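Residues per chain, in single letters:
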Amino acid sequence: QVQLVESGGGLVQPGGSLRLSCVVSGSIFSIYAMGWYRQAPGSQRELVAVIDTGGRTNYADSVKGRFTISRDNAKKTVYLQMNSLKPEDTAVYYCNKPWQLWDFWGQGTQVTVSS
């Protein structure tokens, strides 16, 4: 069974940085595009970053220019480097495929941006 384990979140001040990690176990991994999602209180879960099997990336307008998604297929890990963080980035962040999602989610990792 596929397992998704997110980590790296925390409390940071506006303008700060965090790097999130998602370790994917029990899958081939390298054959799948991967994405990062986030869910803020009272909001729907939204897809904010995608990386496909060829290394091509795409971002939601809200994070473009500030976030960078990357992957290490040998480690079966996808990363999200978050810079210039804003209070509106506060959310629980999850990883999953950007389409044909696995029908489960990891525990997520909480990112709180506050002064």
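In this report, the structure presented in the accompanying data block is examined. (Residues numbered from 1 in each chain as written. Predicted model: local features only at pLDDT ≥ 70, side-chain atom pairs only at ≥ 80, totals over all residues. Heavy atoms only, no water.)

What to know about the state of the cysteines
Within this structure, the stated rule accounts for one disulfide. In this model, cysteine 22 is linked to cysteine 95 through a disulfide, with the two sulfur atoms separated by 1.8 Å. Every disulfide takes its handedness from the sign of the S-S torsion; for cysteine 22 and cysteine 95 that torsion is 55 degrees, giving right-handed. On the criterion of sequence distance, the pair formed by cysteine 22 in strand 3 (residues 18–25) and cysteine 95 in strand 9 (residues 91–96) is long-range, its members being 73 residues apart. Both residues of the pair, cysteine 22 and cysteine 95, count as buried. (Disulfide = S-S within 2.5 Å. Helix = DSSP H or I, 4+ residues; strand = E, 2+ residues; numbered from the N terminus. Buried < 20%, exposed > 50% of the residue type's maximum accessible area, 1.4 Å probe, protein only.)

Considerations on the sheet that holds strand 8 (residues 77–82)
The four strands lie next to each other as 1-3-8-7, forming an open sheet whose pairing is antiparallel. A strand with exactly one partner marks an edge of an open sheet, and here the two such strands are strand 1 (3–7) and strand 7 (67–72). Across the sheet, the mean angle from the axis of one strand to that of its neighbour is 15 degrees, orientation sign disregarded. As paired elements, strand 3 and strand 8 share six bridges and run antiparallel to each other. (Pairing = 2+ DSSP bridges. Axes fitted to C-alpha atoms, helices over the stretch in contact; angles between N-to-C directions.)

Describing unusual backbone geometry
One non-glycine residue with positive phi stands out, namely serine 84, at about 50 degrees. Residue position: serine 84 is located in the loop between strand 8 and strand 9. In this structure, glutamine 100 takes a positive phi of about 50 degrees despite not being glycine. Tracing the chain through its elements places glutamine 100 in the loop between strand 9 and strand 10 (109–113).

Overview of the pairing of strand 4 (residues 34–39)
Within strand 4, five of the six residues are buried, leaving the element largely enclosed by the surrounding structure. Here strand 4 runs beside strand 5 (residues 46–51); their pairing, made up of five bridges, is antiparallel. Its bridge partner being in strand 5, tyrosine 37 is matched across the sheet by leucine 47. Connecting strand 4 to the next strand, strand 5, in antiparallel fashion are six residues, including glycine 42 with a positive phi near 75 degrees.

A short note on the environment of lysine 75
As for its position among the elements, lysine 75 is in the loop between strand 7 and strand 8. Exposure remark for lysine 75: the relative accessible area of 54% places this residue in the exposed category. Sequence separation between lysine 75 and serine 25 is 50 residues, and the spatial gap between their C-alpha atoms is 9.8 Å.

Examining the sheet that holds strand 4
As summarised here, the arrangement of the six strands in space is 2-10-9-4-5-6, forming an open sheet in which the pairing is mixed. Edge positions in the sheet fall to strand 2 (10–12) and strand 6 (57–59), since each has one partner strand and no second. Within the sheet, the average angular offset between the axes of one strand and its neighbour, ignoring direction, is 25 degrees. Relative to strand 6, strand 5 is paired through three bridges, and the arrangement is antiparallel. When the bridges of strand 6 are listed, isoleucine 51 appears paired with threonine 57.

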